[in-house]
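Next come the chains, spelled out residue by residue.
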Amino acid sequence: MAEQKAPQMQATLGLTGLTSNAMALIAPGAFLWLTFFIQASTGVAGQPSTAPAMWLGIFVSLLLCLATAVAYAEISKLYPGTGSSYYYAEQAMLSHDNSFKYARISKFIVGWGSHLYYWVYPGVMVATTGIFVGYMVGFLYPNFMSGSNPGPIFMMLVAVAFSFFVAWIASKGAGASTAVNLAINIVQISALVVFSVLALGYRANHPSGTVGFNYDGQTLSTYSYQFATNPKDGSVMRDASGTPLPLLDSAGKPVPFVVTYPTTDSSGNFLTHPNAASVIGVHKVSYVFIQATVAILILVGFESVTSMGGEAKNPTKHIPIAVIASLLIQGLVCYLFEYFCANYFLNSGYTMQSATGSAAPIGDMMIMVGDWLLGPGHGKYFMEVEALTVFLALIGTTLSCMNTGARVTYAMGKDEEVPEHFGMLHAKSLSPRRAIWTLASISAVLGCIALTLVFGDASAPTDATIAALPHGLLSSFGYPSHNTLAALPNSLLAITLTSNFGTFILYALSCFLCIVAFHKRPDYNPVKHLLIPGFGLLANLTCMAFYLIGPAFSLGTSKEPLLALGISVAWGIYGAIYFLKSSKKKGKSVLLTSKQAVS
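Residues numbered from 1 in each chain as written. Predicted model: local features only at pLDDT ≥ 70, side-chain atom pairs only at ≥ 80, totals over all residues. Heavy atoms only, no water.

## As for the packing of aromatic side chains
Applying the stated criterion across every chain, the model contains 35 aromatic pairs. Between Y117 and Y121 the ring centres are 5.8 Å apart and the planes differ by 80 degrees, which places this aromatic pair in the edge-to-face class. Judged by its relative accessible area of 0%, Y117 is buried. Ring centres of Y215 and Y350 lie 5.4 Å apart, and the angle between their planes is 80 degrees; on these two criteria the pair is classed as edge-to-face. One end of the pair, Y215, is in strand β1 (residues 214–216); the other, Y350, is in the loop between α11 (315–345) and α12 (352–356), and 135 residues separate them in sequence. Across this residue pair, the class does not change: Y215 and Y350 are buried. We note R203 situated over the ring of Y261; from NZ or CZ to the ring centre the distance is 3.7 Å. In this structure, R203 packs its charged tip against the face of Y344, placed 4.2 Å from the ring centre. (Phe/Tyr/Trp six-rings, centres within 6.5 Å; stacked < 30°, edge-to-face > 60°. Buried < 20%, exposed > 50% of the residue type's maximum accessible area, 1.4 Å probe, protein only. Helix = DSSP H or I, 4+ residues; strand = E, 2+ residues; numbered from the N terminus. Lys NZ or Arg CZ within 6 Å of the ring centre and 35° of its normal.)

## Topic: the side chain of D457
With respect to the secondary-structure elements, D457 resides in the loop between α15 (433–452) and α16 (463–467). Among the residues examined, D457 registers a relative accessible area of 4% and is labelled buried.

## Points about the pattern of salt bridges
Applying the stated criterion across every chain, the model contains eight salt bridges. One salt bridge in this structure joins D415 and K107, with 2.8 Å as the shortest N-O distance. Remark: K107 occurs in helix α5 (residues 103–118) and D415 occurs in the loop between α14 (379–414) and α15; sequence separation between them is 308 residues. Residue K107 is classed as buried on the basis of its relative accessible area, which comes to 5%. Linked through salt bridges whose partners overlap, the residues forming this network are E74, K77 and K528. (Salt bridge = Lys/Arg side-chain N within 4 Å of Asp/Glu carboxyl O.)

## Some thoughts on the packing of helix α6 (residues 121–140) against α15
Close contact between α6 and α15 brings their axes to 7 Å; oriented N to C, the two are set at 55 degrees. One way to sum up the angle between α6 and α15 is to call them oblique. Where α6 crosses over α15, the handedness of that crossing is right-handed. Counting all contacts with α6, which are made through P122, G123, V126, A127 and I131, the residues of α15 involved are L439, S443, L446, G447, A450 and L451. (Axes fitted to C-alpha atoms, helices over the stretch in contact; angles between N-to-C directions. Parallel < 35°, antiparallel > 145°, perpendicular 65-115°, else oblique. Left-handed = near helix turned anticlockwise from the far one by under 90°. Contact = heavy atoms within 4.5 Å.)

## Quick notes on α5
An ideal rise of 1.5 Å per residue puts 22 Å on 16 residues; α5 measures up with 22 Å between its terminal C-alpha atoms. Summarising burial for α5: 14 of the 16 residues are buried, a large majority. (Expected span 1.5 Å × (residues − 1).)

## Brief notes about the environment of A89
Mapped onto the fold, A89 is located in helix α4 (residues 85–94). The class of A89 is buried, set by a relative accessible area of 0%. For the pair formed by A89 and G111, sequence separation is 22 residues and the distance between their alpha carbons is 8.8 Å. When neighbours within four sequence positions are excluded, A89 is seen to be in contact with S106, K107, V110 and L513.

What follows is the structure, encoded as structure tokens:
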């Protein structure tokens, strides 16, 4: 009787499929909506926001990622296979007689560190999906849910359901995932261009002193008049339905709202960019670095395709192209354009402070530009259509990351560096289903944790806003007082920075591996194999160091990066203990005595 072979991955993906999978994880159509809120609120409550340097922070992160992408592209030419940097670590060390003994421990360190990124990142995605759905439900049913401040319990339920829904798609195999990602890429980029052009057009057609729209975050609507405010506390006065009352002139008529572009308010809080140069300006060097440590979230993913070497038809040729192309298309073209337009759009009718207090600033902006394009009251239809494309992009980016993370776990399972059942493929779909469903469970838990204090720290709503929330378990439970929320860390930012710290670890190690792999090879190029990955290595290490430097010098937020650093250290300590115990139990030596010792 013939021996039955274990299921193996099939080479079915060409250049288009590989690039689509990498592009889906970067997903600019989703991240502009999702992370503008995080970036707008990055700072310490009571201190100026770092948001003025948002665009340049993204540009710095892009340079870091491009250097890392070159390293990934070059090393993937040498070692095509499943496992990405985990696999590269072993091969790079084995390629030299004086470093082969470190092959196993290097591979484990890279694989374990990459899990801090690949296992936490989907949790961030399902959490932001919960916020997104909460905003949409609040928009459609304002008496049930506040769109600007959705209920944490409701968002958690959405996060759990979304996590397992995406895992179900991923379990169907790479072919199904690729088809979904290709369609989503086309839709989201098209929608992104439309919004960005309209945001730019609104600014161009509303110079300072012209009549425009005044946005109200409670009713999620625009108005053509100035709002009447309470002389005691400055809060907006409203009628019984919650609609803002107009400020009346001496004749008893509503005062038209006039658009202006103030830089800051009386407390020094950043409001708008007075000109285009301000959008791309430095403002403060520390602001740029703080924004860069957050912005890395929107750019990671280009390396995801390197984990699919076992499913690529021509991995040595197509994977390097897919790595660079995905980052250039999504990062260099899409992100820099869309973030410029969104920041340039800010005006007195919708300031950066408005964005800080909203669950979906881009959704608010879409309503405003939609009202301008289609007429007052009709912007909601434009926003709803755009929101559908964002939801599709969310599916794509979470799906791509789950596929990548599961394949790294699968590679470690095959090597018995993690429990062996992770290294098994489903006989029909040829996907690592056990790793996928485990990752879905972890993502659901992390998503819920990220949503517990999503409006903590600098994004804490006022007591008046909290009091105005629809009352109910799904809509208002989890909102203590403003002072309590302001004193607590922002849970979403903390989990996001944890994922980003894992990214910096993985990218720094990958740049180092590229230098090692090409050292003394006949095809060695000092620019591609030393200078560029060397820059990437230093840039990633600098961003990692800023998690300590920033809080030590009171630069930006403090609680969240230190919390993220603590989680990362705990994960590293646990990994070291697990590795040593597992090695002893299985009789494996930490340092190899010969190259033949590799399984």
